[in-house]
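# Coordinate analysis (summary)
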Amino acid sequence: MDFTLTSEHDAIRNAAREFCAREILPYVREWDRAQKFPREILPKMAEEGLFGVCIPRCHGGLGRDYLSLGIVCEELERADSAFRVLVSVHLGLNSLTLFRWGSGAQKVKYLAPQARGEKLAAFALTEPHAGSDVSSIRTTARRDGGSYILDGEKTWIGFADIADQYLVFAYTDPNAKYRGISAFIVERGFEGVSTSSIRHKLGGRIGATGGIALRDVRVPAANRVGEEGEGFKIAMSALDSGRYTVAAGAVGLIEACLEASTSYVKARETFGRPIGKHQLVQQKIARMVAGRDTGRLLYYQIGWMMNRGARCTREASLAKWVNCQSAFRAADDAVQVHGANGYSDEYPVERYLRNSRGALIYEGTQEIHQLMQAEYALGYRNDKRLTQSLPPYPFEEDA
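The structure reproduced in this document is the subject of the present report. (Residues numbered from 1 in each chain as written. Predicted model: local features only at pLDDT ≥ 70, side-chain atom pairs only at ≥ 80, totals over all residues. Heavy atoms only, no water.)

## A look at the pattern of salt bridges
It is possible for side chains bearing opposite charge to pair when their charged atoms get close. Per the counting criterion, the structure on display carries 28 salt bridges. With a shortest N-O distance of 3.1 Å, arginine 78 and glutamate 259 are connected by a salt bridge. Here glutamate 259 lies in helix α7 (residues 231–267) and arginine 78 lies in helix α4 (residues 66–79), a separation of 181 residues in the sequence. Residue arginine 78 is classed as buried on the basis of its relative accessible area of 17%. (Salt bridge = Lys/Arg side-chain N within 4 Å of Asp/Glu carboxyl O. Helix = DSSP H or I, 4+ residues; strand = E, 2+ residues; numbered from the N terminus. Buried < 20%, exposed > 50% of the residue type's maximum accessible area, 1.4 Å probe, protein only.)

Below, the structure is given as structure tokens:
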């Protein structure tokens, strides 16, 4: 196991950091206050290749390895969570799932434009009555000749209101429980598709979040991803990749908290000396360092496993749980270190705290991940048949 970064890894980190410094950080407070996603940044992200980092070049991507995806997510969240969430949803949950499960025709029609950033994609699993309990979804897909008719409602979908296409999960056989779920590519332009926005969120205010309503939506059978009944394991495999990107992003948020806090405690004085000299302040700084460094090792391990074509369900769950908790604690400590100033958006740490809270809920609550880890340790969990590993790196198509 070698976690030595290559010159390519260093280059993509530097490129992502420079992009954030140029295109995001100067405007992030304004965007957060406006609670509106800046669509004008999408072509700029596409030009940098951020929407297809680890998609093979033959499918329109950069052809980099999976660790590069984690590095990009770390740097994006160091600037603001919304931009990491965008890559998590578009690439981690949707595009990598099409790369893993999609047909050749689907890769040409949908994956390649997504990897090039010409089309924005979302992942539609959560419903008003189904979050952690995936088998409780109520969206249905009824076969009708060469098509399926989809009916249902999705909610808390990242970038639902601006995405061009969605990976939608629906029951083709409701009596089969989770074995009756199937996956479909649904275009925004299909008749019967409508979207809505969720506003006034605690955090992630720059990011677009919303709902999708499906009313007698006719979807070509060619848009079914995988076979009928494979939707649950497709969704679970997608969450492996998504949780990896969330875990990597959390490290970036911790880094941002650490940078803001170390700068502040060196300049701020109380009782005649910099507050960085006080031991309880140092304790908070030390906790951030520990969270950043252990979190980075956790996501590096997953990137290494994915590069080998190994499954990482347990590891992705652990990293997502631990790193997001560390990020929330780091953000809370950063606000405390800043004192009253930390309660104002004149300093970035209050935004970090608001943003860090959501990651404890989405892509599996912290309670779900605790249960998963306990069940693995106790030998109660056996999900060998639920997921399928990504193709290992280097990709054969690019060799």
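And the narrative resumes.
## Concerning the packing of helix α1 (residues 7–23) against α4
Remark: α1 packs on α4, axes separated minimally by 9 Å, with the N-to-C direction vectors making an angle of 25 degrees. Classified by the angle between their axes, α1 and α4 sit roughly parallel to one another. Viewed along their axes, α1 and α4 form a crossing whose handedness is right-handed. Facing α1, whose interface residues are His9, Ile12, Arg13, Ala16, Arg17 and Cys20, α4 presents Leu67, Ser68, Ile71, Val72, Glu74, Glu75, Leu76, Arg78 and Ala79. Tallied by class, the residues present in the contact of α1 with α4 amount to 8 nonpolar, 2 polar and 5 charged. (Axes fitted to C-alpha atoms, helices over the stretch in contact; angles between N-to-C directions. Parallel < 35°, antiparallel > 145°, perpendicular 65-115°, else oblique. Left-handed = near helix turned anticlockwise from the far one by under 90°. Contact = heavy atoms within 4.5 Å. Nonpolar A, V, L, I, M, F, W, Y, C, P; charged D, E, K, R; others polar.)

## Considering the nonpolar core
Counting 95 residues, the largest nonpolar core has Ile24, Phe37, Phe83, Leu150, Phe169 and Val186 as the members making the most contacts within it. The element that contributes the greatest number of residues to this core is helix α5 (residues 81–101), accounting for 11 residues. With sequence-adjacent residues up to four places away left out, valine 186 is seen in contact with Leu150, Gln165, Tyr166, Val168, Val193, Leu214, Val217 and Val219. Among the nonpolar cores identified, the runner-up in size contains 20 residues, and Ala260, Ile285, Met288 and Ala334 belong to it. (Core = buried A, V, L, I, M, F, W, Y, C linked by side-chain atoms within 4.5 Å.)

## Here's the deal with α5
With 21 residues, α5 should cover 30 Å at 1.5 Å per step; its first-to-last C-alpha distance of 28 Å lies within 8% of that length. When the local axis directions of α5 are compared, the greatest deviation, roughly 30 degrees, occurs at serine 88. By the criterion of burial, α5 is predominantly enclosed, with 20 of the 21 residues buried. Sitting at the amino-terminal end of α5 is aspartate 80, which places a side-chain oxygen 3.0 Å from the backbone nitrogen of alanine 82. (Expected span 1.5 Å × (residues − 1). Bend = angle between axes of the 7 residues up to and from the residue. Polar contact = N/O pair within 3.5 Å; in protein donor to acceptor, adjacent residues only side chain to side chain.)

## Points about unusual backbone geometry
Backbone torsion omega between tyrosine 393 and proline 394 reads 5 degrees, so that peptide bond is classified as cis. Locating proline 394 in the fold gives a position in the segment after α11 (366–378). Here phenylalanine 159, not a glycine, exhibits a phi torsion of approximately 60 degrees, which is positive. Among the structural elements, phenylalanine 159 can be located in the loop between β3 (147–158) and β4 (165–171). Its relative accessible area of 1% is what places phenylalanine 159 among the buried residues. Unlike most non-glycine residues, phenylalanine 271 shows phi in positive territory, near 55 degrees. With respect to the secondary-structure elements, phenylalanine 271 resides in the loop between β9 (269–270) and β10 (273–274).

It is worth stressing that arrangement in space is one thing and function is another; only the former is reported here.
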